[in-house]
Amino acid sequence: PVSPALLALGRRKFVLYCAVCHGPAAFGGSVVAWNMGPPRPPSLRTAAAMAFPAGHIYAVATQGQGRMPGFAPQLSTAERWAVAAYVKQLQRTAPDSAAVEDSLRGLEIARVDSAAARRAQP
């Protein structure tokens, strides 16, 4: 069951392992993402990402996806479920003022990548 303690654990682990690439508010606007080439870490606040069930987030945290490694060696099963619960809660909440930079940088990254993709098309 989702509890305040579980969400607090998920937040702590998200900040340590996920926010580095996905941004502190999960918009994909981290400094790491900005300095990567495509494909970059995605925003976890898109409609598609918001449709993922917690089990999908848990599976990605466990096995990795694309450039992202799996975090099973670093995070216990309970911690990965806590991260999944925290991400689902984060997706349902409005970003606070601390998330503005992450969201704006995430939008700029998406704009830059979209423009590059259009230029690459024949």
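Not measured: the values here are computed from a predicted model.

1. Digging into the overall build of the protein chain
Piece 1. Helix and strand content of the protein chain: six helices and two strands.
Piece 2. Starting at the N terminus, the α and β elements of the protein chain follow one another as α-α-α-α-β-β-α-α.
Piece 3. The globule rule puts the C-alpha radius of gyration for 122 residues at 14 Å, and the 15 Å found for the protein chain is close to it.
Piece 4. Considering only C-alpha atoms, the protein chain reaches an extent of 50 × 30 × 25 Å along its principal axes.

2. Structural notes on the environment of I109
Piece 1. Structurally, I109 can be placed in helix α6 (residues 100–120).
Piece 2. Relative accessible area serves as the criterion here: at 5%, I109 is assigned to the buried category.
Piece 3. Through-space distance from the C-alpha of I109 to that of G37 is 9.9 Å; in sequence the pair is 72 residues apart.
Piece 4. What I109 contacts, discounting residues up to four positions off in sequence, is G28, G29, S30, A33, W34 and R40.

3. Here we look at the side chain of K13
Piece 1. For K13, the location among the structural elements is in helix α1 (residues 4–22).
Piece 2. The class for K13 is buried, based on a relative accessible area of 16%.
Piece 3. Not counting residues within four places of it along the chain, the set of residues in contact with K13 comprises C18, L75, E79 and V83.

4. Focus: the packing of aromatic side chains
Piece 1. A full pass over the atoms with the stated rule returns three aromatic pairs.
Piece 2. Where F14 meets Y86, the ring centres are 5.5 Å apart and the plane angle is 55 degrees; that geometry is what we call tilted. Of this pair, F14 sits in helix α1 while Y86 sits in helix α5 (residues 77–92), placing them 72 residues apart in sequence.
Piece 3. A residue is classified by how much of its surface remains accessible, and Y86, at 9% relative accessible area, is buried.

5. Overview of the nonpolar core
Piece 1. Within the largest apolar cluster, twelve residues are counted, these being F14, C18, A19, A26, L44, I57, Y58, V83, A84, Y86, V87 and L90.
Piece 2. Mapped onto this core, the elements with two or more residues apiece are α1, α4 (54–63) and α5.
Piece 3. Ranked by residues supplied to this core, first place goes to α5 with five residues.
Piece 4. Apart from the residues lying within four places of it in its own chain, the contact partners of A26 are F14, S43, L44, R45, L90 and D102.

6. Digging into the side chain of S30
Piece 1. By the element assignment, S30 lies in the loop between α1 and α2 (31–35).
Piece 2. S30 gets classed as buried once you look at its relative accessible area, which sits at 5%.
Piece 3. Here C21 takes part through its backbone oxygen, which lies 2.8 Å from a polar atom of the side chain of S30.
Piece 4. Beyond its immediate chain neighbours, meaning those up to four positions away, S30 contacts A19, V20, C21, H22, G23, D102, R105 and I109.

About the cut-offs
Residues numbered from 1 in each chain as written. Predicted model: local features only at pLDDT ≥ 70, side-chain atom pairs only at ≥ 80, totals over all residues. Heavy atoms only, no water. Helix = DSSP H or I, 4+ residues; strand = E, 2+ residues; numbered from the N terminus. Rg over C-alpha atoms; globule rule 2.2 N^0.38 Å. Buried < 20%, exposed > 50% of the residue type's maximum accessible area, 1.4 Å probe, protein only. Contact = heavy atoms within 4.5 Å. Phe/Tyr/Trp six-rings, centres within 6.5 Å; stacked < 30°, edge-to-face > 60°. Core = buried A, V, L, I, M, F, W, Y, C linked by side-chain atoms within 4.5 Å. Polar contact = N/O pair within 3.5 Å; in protein donor to acceptor, adjacent residues only side chain to side chain.

What is shown is where atoms sit, not what they do.
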